[in-house]
Amino acid sequence: MLRIVVCVSGGGTNLQAILDAIDGGKITNTEVIAVISNNPGAKALDRAKAHGIPGMLMSPKSYSDREAFNSAFTEEMCRLAPDLVVLAGFLVRIPEEMVAKFSNRIVNIHPSLIPSFCGVGYYGLKVHEKVLERGAKVTGATVHFVNEGMDEGPIIAQKAVEVLEDDTPEVLQRRVMELAEWILLPQAIDDIANNRLFIEDGRVKRSSGA
Ligand code: GAR
């Protein structure tokens, strides 16, 4: 059984997609042992509660400085000792010490086709605003392993989504979630839970026969 901790900051629709996929049997061999939010008002915490999953608050704002937060966050994660950490709309940078302790055991969903529209300053709705500003015709989502860089770890899966003429950032965000994010993230977790993926030369590969 893959024990996962899901980290969230807001609405938690990706968390919901994970919980629904577990309930519906699309993700197997997986248990969500805790949900961590940096935002006390995150709807994601209500979703966790409704599922009987312990929710925790870990905000940089509650610590004297970033270093103190980073140590406390890493310590808490080590105490929980998940097999996989899932960043499902978590808008806080993962401490390097945590990346080192959970090497190739942290995954993130990003709402664009990496390496486009990613890195510092590209999160949530801002990504879709920049896609529309640039006039891109195609966008999408990416699930990747987390390394020390920002949105730079090995890519697990990507899905393209069309940008339409009259899109607003909100409309585009919703389409990317529905057609890409809510499908890709549960699939990636199921692949990891069932040992279908491995990393070779910094790239994610699929086990033969899987
Ligand atoms: C999602 O679109 C996710 O891809 C994005 O935040 C949103 C969270 O929505 N994550 C990032 O931008 C990370 N760089 P949700 O709380 O409803 O899942």
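Higher on the page you've got the structure.
Residues numbered from 1 in each chain as written. Predicted model: local features only at pLDDT ≥ 70, side-chain atom pairs only at ≥ 80, totals over all residues. Heavy atoms only, no water.

Visitor: Looking at this model, I keep getting lost on the site of the ligand. Mind explaining?
Guide: Taken together, 16 residues sit near the ligand, with Gly12, Thr13, Asn14, Gly124 and Glu181 positioned nearest. Within the side chain of His110, an N or O atom sits 3.2 Å from a nitrogen atom of the ligand. Within the contact set of the ligand, an oxygen atom lies 2.8 Å away from a side-chain nitrogen or oxygen of Glu181. About the coverage of the ligand: the protein hides 92% of its 460 Å² of free accessible area. Secondary-structure elements contributing two or more residues to the shell around the ligand are helix 1 (13-23), strand 5 (106-110) and helix 6 (169-193). Of the residues assigned to the shell around the ligand, the class counts are seven nonpolar, eight polar and one charged. (Near = heavy atom within 4 Å. Polar contact = N/O pair within 3.5 Å; in protein donor to acceptor, adjacent residues only side chain to side chain. Areas by Shrake-Rupley, 256 points an atom, 1.4 Å probe, with all protein chains shown as cover. Helix = DSSP H or I, 4+ residues; strand = E, 2+ residues; numbered from the N terminus. Nonpolar A, V, L, I, M, F, W, Y, C, P; charged D, E, K, R; others polar.)

Visitor: Sorry if this is basic, but what is going on with unusual backbone geometry here?
Guide: Peptide bonds are trans in most cases, and residues, glycine excluded, mostly fall at negative phi. A cis amide bond links Ile114 to the next residue, Pro115, at an omega of 15 degrees. Residue position: Pro115 is located in the loop between strand 5 and helix 5 (125-134). Of note in the backbone geometry, Phe117 takes a positive phi value of approximately 50 degrees without being a glycine. Along the polypeptide, Phe117 turns up in the loop between strand 5 and helix 5. Unlike most non-glycine residues, Asn195 shows phi in positive territory, near 55 degrees. Relative to the helices and strands, Asn195 resides in the loop between helix 6 and strand 8 (197-200). The exposure class assigned to Asn195 is exposed, which follows from its relative accessible area of 62%. (Buried < 20%, exposed > 50% of the residue type's maximum accessible area, 1.4 Å probe, protein only.)

Visitor: Is there a simple way to explain the side chain of Asp191 in this structure?
Guide: You can see Asp191 is positioned in helix 6. Given a relative accessible area of 10%, Asp191 falls into the buried group. If we ignore the near neighbours within four places in the chain, the residues touching Asp191 are Arg196, Leu197 and Arg206. (Contact = heavy atoms within 4.5 Å.)

Visitor: Would you take a moment to explain the side chain of Thr74 for this structure?
Guide: Turning to its location among the elements, Thr74 is positioned in helix 3 (residues 66-80). A residue is classified by how much of its surface remains accessible, and Thr74, at 3% relative accessible area, is buried. Among residues more than four places away in sequence, those in contact with Thr74 are Pro95, Glu97, Met98 and Lys101.

Visitor: What am I meant to see in the sheet that holds strand 7 (residues 155-162) here?
Guide: Backbone hydrogen bonds hold the strands of a sheet together, and the pairing may be parallel or antiparallel. With respect to topology, seven strands assemble into an open sheet ordered 3-2-1-4-5-6-7, the strand pairing being mixed. Each edge of the open sheet carries a strand with a single partner, namely strand 3 (55-57) and strand 7. Adjacent strand axes in the sheet meet at a mean angle of 20 degrees when their direction is disregarded. Contacts from helix 1 reach strand 1 (2-8), strand 2 (30-37), strand 4 (84-87) and strand 5 within the one sheet, and its direction differs from that of strand 2 by about 160 degrees. (Pairing = 2+ DSSP bridges. Axes fitted to C-alpha atoms, helices over the stretch in contact; angles between N-to-C directions.)

Visitor: Could you clarify how one ought to interpret the packing of aromatic side chains in this entry?
Guide: Each aromatic ring pair is described using two quantities: the centre-to-centre distance and the angle formed by the ring planes. Per the stated rule, a full pass over the model turns up four aromatic pairs. Taken together, the ring pairs connect Tyr63, Phe69, Phe73 and Phe90 into an aromatic cluster. (Phe/Tyr/Trp six-rings, centres within 6.5 Å; stacked < 30°, edge-to-face > 60°.)

Visitor: Would you take a moment to explain the environment of Pro95 for this structure?
Guide: Inspection of the secondary structure puts Pro95 in the loop between strand 4 and helix 4 (96-101). Residue classification places Pro95 among the buried positions, given a relative accessible area of 2%. For the pair Pro95 and Pro169, spaced 74 residues apart in sequence, the C-alpha separation works out to 30 Å. Residues within four places of Pro95 in sequence aside, it is in contact with Asn70, Phe73 and Thr74.

Visitor: Even after reading the chapter, I still don't get the pairing of strand 8, so can you show me in this structure?
Guide: A regular strand places its side chains so that they alternate between the two faces of the sheet. In this structure, strand 8 lies alongside strand 9 (residues 203-206), joined through four bridges in antiparallel fashion. Residue pairing for strand 9: Leu197 is matched across the bridge by Arg206.

Visitor: Just to check I follow, could you spell out the nonpolar core for this structure?
Guide: In a soluble, globular protein the nonpolar side chains are often hidden away together inside. One finds Ile4, Val6, Ile18, Val35, Val86 and Ile156 to be the most contacted residues of the largest nonpolar core, which totals 42 residues. Tallying contributions element by element places helix 6 first for this core, with nine residues. (Core = buried A, V, L, I, M, F, W, Y, C linked by side-chain atoms within 4.5 Å.)

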